[in-house]
Protein chains: 2
Amino acid sequence: MKDVVAGIDIGGTNIIYGLVDKSGNVIAEGRLKTAEYPDIKDYVSAQHTAIKEMLAMNPGHNLIGMGVGAPNANYHKGTIELAPNLSWKGIVPIAGYLGEKFNIRVFITNDANAAAMGEMIFGGAKGMKDFIVLTLGTGLGSGIAVNGNVVYGSTGFAGELGHTIIVPGGRECGCGRKGCYETYASASGLVRTVLNLLSEMRLESNLRDLPPSELTSKKIVEEAEKGDRIALAAIDYTAEMLAFGIINAITFSSPEAVFLFGGLVKAGELLLAPVRKYVDQNVMPIFRGTVKILPSSVSESNAAVLGAAALAWNELKN
Amino acid sequence: MKDVVAGIDIGGTNIIYGLVDKSGNVIAEGRLKTAEYPDIKDYVSAQHTAIKEMLAMNPGHNLIGMGVGAPNANYHKGTIELAPNLSWKGIVPIAGYLGEKFNIRVFITNDANAAAMGEMIFGGAKGMKDFIVLTLGTGLGSGIAVNGNVVYGSTGFAGELGHTIIVPGGRECGCGRKGCYETYASASGLVRTVLNLLSEMRLESNLRDLPPSELTSKKIVEEAEKGDRIALAAIDYTAEMLAFGIINAITFSSPEAVFLFGGLVKAGELLLAPVRKYVDQNVMPIFRGTVKILPSSVSESNAAVLGAAALAWNELKN
């Protein structure tokens, strides 16, 4: 029998789960539709059935723990708290429910912290004690490792770099405030920057022919690759703002590396090269040249499951 | 025989040293003039003689370790590196020199990290795992505790919150960049704010009768206490900027408390009350009400020695 853990990533649309061994091999992966389980108890039952079936179809595996990545997850309490995109309202003690049902230890954290765990246990941060993972999607999530541990803070909610204010009075943010890092440095931030540049600049651009509601970071990157000057300027500005948040984070924890993860990173060197340039230009002198800016080395296709599994493996080790 | 450690605080003008027991009692304290020892070897000899004499005059004490707080101190390497205000040039392996001379273990960190250690071991942060100490002097120093340990980062220089940029393109900073936190939230930041307000506002003020080079935060606080409206407005703005850096730091590590230390804190509630108000108004909603803003409870008169001693006690415990 080979020991495995279950990694579960709970999102607003899908719940992805899988069995992961100690080396980071994903034995099997499955998916549930979040909307089909408005009652948490029904979800727990369905998840139990699904994982039992998965174990039955993949004999020779012994389930020894479970890690869960979820929005608004409280690592300390094992709860999901007031998650706006989930139908489970209030404070949901999900780690307790799953732990009872499976009779194993269950650990939970938010998806960005899980990504940091995945990077540390299975990815490019192996052997690093101080690093930061930024997940660039609709928002900007962050997982921070200090001295070999992910930072949870006194509340369990630490690592919300997407909501550091970098432009006082700047763009409206979903958190109700203005000028948060993620309103500039994220896929949706890139879209907002294009809209702003379309208003500011007179350059021709294919991006003028799309309704703003259909504008995506993917489309912008494609146009940039074809030489569209608005798209290129928007990526450069996004890189500058991304770098700005990074240089401030460096003064806090002096990481060895910052890993970038998520859809926006598909832009590759088009984004990474100017990020490195702006970090190098603007970082506090004593930190110049001390921080690597790297794409995540965890494959995006199973990063969510790997991150959640890494959390469990790391906790079980302790 | 009672075990004690030596705590040493190295500043540009004075080197203060003392013997401290495990409960934080300062058995004795002494002082050397930094300028008298342009050669590090001479300093190490003089420090050795001074502490030996101190031990002889306070019999019954057994020296088991040493902690040093110094500018540009590298915790990992035991060095002072390129400190602009010290005559010891280059990279000075001071922990090694002192360790050899005394034949005990010597630990070194910068003064703000030492202040955090002092707060954790002997002060208001006893029992806290996640907190931040901000030292408000000419600059703004910071010591950050995460999960019960002071954050040193991959370089050993972490915790430079005074150099997070909070106003892009803002006030010139000694680090060569612009808009750093400490150019607003510090004793000298308060002075700069008064000068700015004297230019912007037409209010009468006693502060108009002093040459700017003689303007001090102490004088400003005195005038504010007498009701001077420029002084009051400057303190309010300083509180707002101080709060701004705090709310961004909270998204990083979600501390249980932020301790304020140093001359500026003598303003008391005049400063602290608006800091709390602005933090509460502007912090990310999930952190609202989770962070206490407190004055340091380590007495300023021997905080430097206590902080350095706390570093040693903490390391010897491990």
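Residues numbered from 1 in each chain as written. Chains lettered and ligands numbered in written order. Predicted model: local features only at pLDDT ≥ 70, side-chain atom pairs only at ≥ 80, totals over all residues.

> Tell me what's going on with the overall build of chain A, and back it up with residues and numbers.
Within chain A one finds eight helices and 13 strands. Rg of the C-alpha trace for chain A: 20 Å, near the compact-globule value of 20 Å for 318 residues, within the 12% margin. If one aligns the C-alpha atoms of chain A with their principal axes, the spans along those axes are about 60 × 45 × 35 Å. Out of the 318 residues in chain A, the part that is buried amounts to 50%. Within chain A, contacts between residues at least 6 apart in sequence are counted, and of these 64% link residues at least 24 apart. (Helix = DSSP H or I, 4+ residues; strand = E, 2+ residues; numbered from the N terminus. Rg over C-alpha atoms; globule rule 2.2 N^0.38 Å. Buried ≥ 20, exposed ≤ 12 C-beta atoms within 10 Å, placed from the backbone. Contact = placed C-beta atoms within 7 Å.)

> Describe the nonpolar core, listing the residues and the values that go with them.
V68 of chain A together with V68 of chain B are the most contacted members of the largest nonpolar core, which has 211 residues in total. Excluding residues within four positions of it along the chain, V68 of chain A makes contact with I8, I10, A73, I94, A95, V106, I108 and A308 of chain A. (Core = buried A, V, L, I, M, F, W, Y, C linked by C-beta atoms within 7 Å.)

> If you had to explain the sheet that holds strand 9 (residues 131-136) of chain B to someone new, which residues and values would you point to?
Residues and elements named next belong to chain B. Taken in spatial order, the five strands line up as 11-10-9-12-13 in an open sheet, and their pairing is mixed. Strand pairing shows two members of the sheet lacking a second neighbour, strand 11 (149-150) and strand 13 (292-295), which therefore form its edges. In this structure, strand 9 lies alongside strand 10 (residues 140-146), joined through six bridges in antiparallel fashion. Across the sheet, the residue bridging to L134 is S142, located in strand 10. (Pairing = 2+ DSSP bridges.)

> Hey, could you go over the pairing of strand 9 of chain B for me, with residue numbers and the actual values?
Residues and elements named next belong to chain B. By the criterion of burial, strand 9 is predominantly enclosed, with six of the six residues buried. Residues F131, V133 and T135 line one face of strand 9 and the alternating positions I132, L134 and L136 line the opposite face, and both faces are buried. Connecting strand 9 to the next strand, strand 10, in antiparallel fashion are three residues. Where strand 9 and strand 12 (residues 257-261) come together, five bridges link them in parallel fashion. When the sheet's bridge partners are listed, T135 is paired in strand 12 with F261.

> So what's going on with the environment of A125 of chain A? Which residues, and what values?
Residue and element names in this part refer to chain A. Note on placement: A125 falls in the loop between helix 3 (111-122) and strand 9 (131-136). For the pair A125 and K277, spaced 152 residues apart in the sequence, the C-alpha separation amounts to 22 Å. Discounting chain neighbours no more than four positions away, the residues touching A125 are E119, M120, F131, A145, A257 and F259.

> Hey, could you go over the sheet that holds strand 6 (residues 79-81) of chain A for me, with residue numbers and the actual values?
Each strand in a sheet pairs with another by means of backbone hydrogen bonds, the pair being arranged parallel or else antiparallel. All names here are of chain A. A sheet is described by the order of its strands in space; here three strands give the open sequence 5-6-7, paired in antiparallel fashion. Edge positions in the sheet fall to strand 5 (73-74) and strand 7 (91-92), since each has one partner strand and no second. Of the pairings in the sheet, the one linking strand 5 to strand 6 comprises two bridges and is antiparallel in character. Within the sheet, the bridge partner assigned to N74 lies in strand 6 and is T79.

> Quick rundown of the domain arrangement of chain A? Include the residues and the values.
Interfaces are frequently sized by the accessible area removed from exposure as the parts join. Residue and element names in this part refer to chain A. Domain annotation for chain A reports domain 1 (2-119 + 301-317) and domain 2 (127-296). Once you take the C-alpha centre of each, domain 1 and domain 2 turn out to be 28 Å apart. On the domain 2 side, the residues contacting the 12 residues of domain 1 number 15 residues. Residues belonging to the side of domain 1 that touches domain 2 are distributed by class as follows: six nonpolar, three polar and three charged. (Domains from an automatic or database assignment. Nonpolar A, V, L, I, M, F, W, Y, C, P; charged D, E, K, R; others polar.)

> Account for the relation of the copies chain B and chain A, naming residues and giving values.
It takes a turn of 180° to lay chain B on chain A, together with a shift of 0.0 Å along the axis; the resulting RMSD is 0.0 Å. What the superposition gives is, in effect, a two-fold axis relating one chain to the other. Proximity to the rotation axis, assessed at the C-alpha, singles out I166 of chain B in chain B; its C-alpha lies 3.5 Å from the axis. (Least-squares fit on C-alpha atoms with pLDDT ≥ 70 in both.)

> Lay out the interface of chain B and chain A with the relevant residues and their values.
Opposite the 32 residues of chain B that make contact, chain A presents 31 residues. Elements that contribute at least two residues to the side of chain B that touches chain A include exactly strand 10 and helix 6 (229-253) of chain B. When grouped by side-chain class, the residues that make up the side of chain B that touches chain A number 14 nonpolar, 14 polar and four charged.

> Help me get a handle on the packing of helix 4 (residues 187-200) of chain A against helix 6 (residues 229-253) of chain A, residues and values and all.
Residue and element names in this part refer to chain A. It is the contact of helix 4 with helix 6, at a shortest axis distance of 9 Å, that shows an interaxial angle of 125°. Judged by the angle between their axes, helix 4 and helix 6 are oblique. As for the relative orientation of helix 4 and helix 6, their crossing is right-handed in sense. Between helix 4 and helix 6, the contacting residues are G189, L190, T193, V194, L197 and L198 on the first element and I230, A231, A233, A234, I235, Y237 and T238 on the second. Partitioning the contact of helix 4 with helix 6 into residue classes produces 10 nonpolar, three polar and no charged. (Axes fitted to C-alpha atoms, helices over the stretch in contact; angles between N-to-C directions. Parallel < 35°, antiparallel > 145°, perpendicular 65-115°, else oblique. Left-handed = near helix turned anticlockwise from the far one by under 90°.)

> How would you explain the environment of N206 of chain B if you had to name every residue and give the values?
Tracing the sequence through the fold places N206 of chain B in the loop between helix 4 (187-200) and helix 5 (217-225). Apart from residues no more than four positions distant in its own chain, N206 of chain B is found in contact with E223 and D228 of chain B.

> So what's going on with helix 6 of chain B? Residues and values would help.
Residue and element names in this part refer to chain B. If you check helix 6, its first and last C-alpha atoms are 36 Å apart, about what 25 residues at 1.5 Å a residue would give, namely 36 Å. Counting buried positions along helix 6 gives 20 out of 25 residues, so the element sits mostly inside the fold. Positive phi shows up at S254, right after helix 6, with a value of about 45°. (Expected span 1.5 Å × (residues − 1).)

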